[in-house]
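So the chains spell out like this:
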Amino acid sequence: MKTQERINELIESLELLPHPEGGFYKETYRSFETIDGEQSLMTSILFLLTSDNASNFHRIQSDEHWYFHEGSPLTVHVIGDNGHEKRMLGLDFAKGQQPYQLVHKQEIFGSEVHEPSGYALVSCAVAPGFMFRDFELFSREALMEMYPQHEEIICRLTAQ
């Protein structure tokens, strides 16, 4: 099966929707238990990124654990006062990839697939649970003001 056919199959069979940060997703779990009567203890999504559809830089107020399922390896890019960190997600351990990666709450991060015409299917578990009110998508201008030394990756993972 060709890559684009597989991407289309995953979007259709998993009923994935476009995500505001890029890529496609579907919430697969939201715990009934809550912290404050509103925020779930944990949520989980399926998340599909393609080489043409990266996850733009954003920040949430909870820890997010990423789990690799299939496709091409991807990099979770984290930028902040400590520089630019690349967290590799995939199954080629000799190349520094791991089947899971953790993004800590309040870290600014985005992700991209490495291979041209590639894709990556992952799951993301967020605890305390994800809430769109805690989701902050960054503009290129805002990140360039904060971290001008990371211009190349900021330009790749932000909308103009």
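Below you will find a few notes about this structure. Every value quoted in this text rests on a predicted model; they were computed, and no experiment measured them.

**Remarks on the layout of surface pockets**
Here is step 1 of the chain: For the largest pocket, the calculated volume is near 210 Å³.
Here is step 2 of the chain: Along the wall of the largest pocket there are 14 residues; nearest its centre are Val78, Ile79, Gly80, Asp81 and Asn82.
Here is step 3 of the chain: Secondary-structure elements contributing two or more residues to the lining of the largest pocket are strand 6 (74-80) and strand 7 (83-89).
Here is step 4 of the chain: A total of 4 residues in the lining of the largest pocket trace back to one element, the largest contributor, which is strand 7.
Here is step 5 of the chain: Counted by class, the lining of the largest pocket contains 4 nonpolar, 5 polar and 5 charged residues.
Here is step 6 of the chain: Of the voids in this model, the second largest pocket is the one considered here, and its volume is about 180 Å³.
Here is step 7 of the chain: Forming the walls of the second largest pocket are 17 residues, and the residues nearest its centre are His19, Ile45, Glu64, Val126 and Phe130.
Here is step 8 of the chain: For the lining of the second largest pocket, the elements supplying multiple residues, two or more each, are strand 2 (24-30), strand 3 (43-50) and strand 10 (119-127).
Here is step 9 of the chain: Looking at the lining of the second largest pocket, the element that brings in the most residues is strand 3, giving 4 residues.
Here is step 10 of the chain: Looking at the lining of the second largest pocket, its residues break down into 9 nonpolar, 4 polar and 4 charged.

**Focus: the sheet that holds strand 10**
Here is step 1 of the chain: Read from one edge to the other, the open sheet built from 6 strands follows the order 1-2-3-10-5-8, with strand pairing classed as antiparallel. Looking along the sheet, the strands with just one partner apiece sit at the ends: strand 1 (17-18) and strand 8 (100-103).
Here is step 2 of the chain: Sheet topology note: the strand 2/strand 3 ladder contains 6 bridges and is antiparallel. By the bridge assignment for strand 3, Phe24 is matched with Leu48.

**Remarks on the packing of aromatic side chains**
Here is step 1 of the chain: Inspection of every chain in the model, using the stated rule, returns 5 aromatic pairs.
Here is step 2 of the chain: Ring plane angle 75° and centroid distance 5.9 Å describe the contact between Phe132 and Phe135, whose orientation is recorded as edge-to-face.
Here is step 3 of the chain: For Phe135, a relative accessible area of 16% puts it in the buried group.
Here is step 4 of the chain: Each member of the aromatic cluster is reached from another via a ring pair, and the members are Phe47, Trp66 and Phe109.

The rules behind these values
- Residues numbered from 1 in each chain as written.
- Predicted model: local features only at pLDDT ≥ 70, side-chain atom pairs only at ≥ 80, totals over all residues.
- Heavy atoms only, no water.
- 1 Å grid on protein atoms, 1.4 Å probe; cavity = no way out; pocket = protein on both sides within 12 Å on 5 of 7 lines; lining within 4 Å.
- Points joined across faces, edges and corners; volume = space filled by probe spheres on them.
- Helix = DSSP H or I, 4+ residues; strand = E, 2+ residues; numbered from the N terminus.
- Nonpolar A, V, L, I, M, F, W, Y, C, P; charged D, E, K, R; others polar.
- Pairing = 2+ DSSP bridges.
- Phe/Tyr/Trp six-rings, centres within 6.5 Å; stacked < 30°, edge-to-face > 60°.
- Buried < 20%, exposed > 50% of the residue type's maximum accessible area, 1.4 Å probe, protein only.

Read these as layout, nothing more, since geometry by itself doesn't imply function.
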